[in-house]
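Fold and geometry: a report
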Amino acid sequence: DAGITQSPRYKITETGRQVTLMCHQTWSHSYMFWYRQDLGHGLRLIYYSAAADITDKGEVPDGYVVSRSKTENFPLTLESATRSQTSVYFCASSGPTSGRFQETQYFGPGTRLLVL
Amino acid sequence: GESVGLHLPTLSVQEGDNSIINCAYSNSASDYFIWYKQESGKGPQFIIDIRSNMDKRQGQRVTVLLNKTVKHLSLQIAATQPGDSAVYFCAEKRSSGGSNYKLTFGKGTLLTVNP
């Protein structure tokens, strides 16, 4: 059971470059989420998706783009990276899971992004 | 409890003791709550969750208590072990139509278990 995976795990880029973070889940969960985690702010929702081809903004969407052409994948793109986007990014998914509430979100291991 | 500024609330316990981590929530319409554990360098790990029509739910060595009257959630860890050392944070789902799977997270409490 692979669960939810993210790639790359670590990324260093430069200001102005485009970066795409990948997220893949094997549970066929309908909902997927992208969060960023920064000291002093906790987890903040960037974008989420209720199903393939359905996405919506979260709390801090500016500077990010998402797509969801397939249920299992939910890539996050930083169109022109800025230093303020240095953070740890987590992907999560939720949906019907045996023995669990369907609202339960399961997180990936995270991508640590440094923008120079 | 919730953090203020850059400093997380901390709880230090002795191995074998019981730990209680608290969380206050603000929205009386929230209908689902969840606790996560996050170890350094890792993603949040699901511990236990509860719906608002419940007062208590138990898992393996963990219990979540929900007091809707005072909008308070607690996580009890029995016989705390060094491997329980981590940041623990709660999250709530605010009941709403449409995108009702979104969670709002607290900033966490750092639990340190002393051997």
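That block above? That's the structure.
Residues numbered from 1 in each chain as written. Chains lettered and ligands numbered in written order. Predicted model: local features only at pLDDT ≥ 70, side-chain atom pairs only at ≥ 80, totals over all residues. Heavy atoms only, no water.

1. Re the interface of chain A and chain B
- Each partner contributes residues to the interface: chain A has 25 residues there, and chain B has 26 residues.
- If you look at where chain A meets chain B, you find 1 salt bridge.
- The residue glutamate 103 of chain A makes a salt bridge to arginine 51 of chain B at a minimum N-O spacing of 2.7 Å.
- Applying the counting rule to chain A against chain B returns 6 residue pairs in polar contact (both at pLDDT 80 or more). (Contact = heavy atoms within 4.5 Å. Salt bridge = Lys/Arg side-chain N within 4 Å of Asp/Glu carboxyl O. Polar contact = N/O pair within 3.5 Å; in protein donor to acceptor, adjacent residues only side chain to side chain.)

2. Re the side chain of serine 94 of chain A
- For serine 94 of chain A, the position within the fold is in strand E9 (residues 87-94).
- When its relative accessible area of 0% is taken as the criterion, serine 94 of chain A is described as buried. (Helix = DSSP H or I, 4+ residues; strand = E, 2+ residues; numbered from the N terminus. Buried < 20%, exposed > 50% of the residue type's maximum accessible area, 1.4 Å probe, protein only.)

3. Quick notes on the sheet that holds strand E1 (residues 4-7) of chain A
Residue and element names in this part refer to chain A.
- What the 4 strands build is an open sheet, ordered E1-E3-E8-E7; its pairing is antiparallel. Bordering the open sheet on either side are E1 and strand E7 (64-66), each of which pairs with just one other strand. Between one strand and the next, the sheet's axes are offset by a mean angle of 20 degrees, whatever the strand orientation.
- The sheet contact formed by E7 and strand E8 (residues 76-78) spans 3 bridges and is antiparallel. What sits directly across from valine 66, in E8, is leucine 76. (Pairing = 2+ DSSP bridges. Axes fitted to C-alpha atoms, helices over the stretch in contact; angles between N-to-C directions.)

4. Looking at a nonpolar patch on the surface
- A surface patch of nonpolar side chains, about 280 Å² in accessible area, is lined by Ile12, Leu114 and Leu116 of chain A.
- As for its placement among the helices and strands, leucine 116 of chain A is situated in the segment after strand E11 (111-115). (Patch = residues over 30% accessible without salt bridge, like charges linked within 9 Å, V, L, I, M, F, W, Y side chains within 5 Å. Areas by Shrake-Rupley, 256 points an atom, 1.4 Å probe, with all protein chains shown as cover.)

5. Some remarks on the state of the cysteines
All names here are of chain A.
- The full count for this structure, using the stated rule, is 2 disulfides over all chains.
- Across a sulfur-sulfur distance of 1.8 Å, cysteine 23 and cysteine 91 are joined as a disulfide pair. When the S-S torsion is -75 degrees, as for the bridge of cysteine 23 with cysteine 91, the disulfide is left-handed. Of this pair, cysteine 23 sits in strand E3 (residues 19-25) while cysteine 91 is found in strand E9, placing the two residues 68 residues apart along the sequence.
- Under the relative-accessibility criterion, cysteine 91 is labelled buried at 0%. (Disulfide = S-S within 2.5 Å.)

6. Regarding the pattern of salt bridges
All names here are of chain A.
- Counting across every chain of the model gives 10 salt bridges over all chains.
- Its salt-bridge partner being glutamate 14, residue arginine 17 comes within 3.5 Å of it at the nearest N-O pair.
- Residue glutamate 14 is classed as partly exposed on the basis of its relative accessible area, which comes to 43%.
- Arginine 36 is paired through a salt bridge with aspartate 38; the nearest N and O atoms lie 2.8 Å apart.

7. Quick notes on the nonpolar core
- If you look at the biggest cluster of nonpolar residues, it comprises 22 residues, and the most contacted ones within it are Phe33, Tyr35 and Phe107 of chain A together with Tyr36, Leu103 and Phe105 of chain B.
- At the level of secondary structure, the elements contributing two or more residues to this core comprise strand E4 (31-38), strand E5 (42-51), E9 and strand E10 (106-107) of chain A together with strand E3 (30-38) and strand E8 (86-94) of chain B.
- Discounting residues that sit within four places of it in the chain, phenylalanine 107 of chain A has contacts with Ile4, Tyr35, Leu43, Phe90, Cys91 and Ala92 of chain A together with Tyr36, Pro44 and Phe105 of chain B.
- Core analysis: the next-biggest nonpolar cluster, separate from the first, contains 20 residues, Ile21, Ile47, Val62 and Leu111 of chain B among them. (Core = buried A, V, L, I, M, F, W, Y, C linked by side-chain atoms within 4.5 Å.)

8. Topic: the packing of aromatic side chains
- If you walk through the whole model with that rule in mind, you get 16 aromatic pairs over all chains.
- For the ring pair phenylalanine 101 of chain A and tyrosine 32 of chain B, a centre distance of 6.2 Å and an interplane angle of 85 degrees mean the geometry is edge-to-face. Of this pair, phenylalanine 101 of chain A sits in the loop between E9 and E10 while tyrosine 32 of chain B sits in strand E3, each in a different chain.
- Exposure remark for phenylalanine 101 of chain A: the relative accessible area of 13% places this residue in the buried category.
- What makes tyrosine 32 of chain B buried here is its relative accessible area of 0%.
- Put simply, the rings of Tyr31, Phe33, Tyr35, Tyr48, Phe90 and Phe107 of chain A together with Tyr36, Phe89 and Phe105 of chain B pair up and form one aromatic cluster. (Phe/Tyr/Trp six-rings, centres within 6.5 Å; stacked < 30°, edge-to-face > 60°.)

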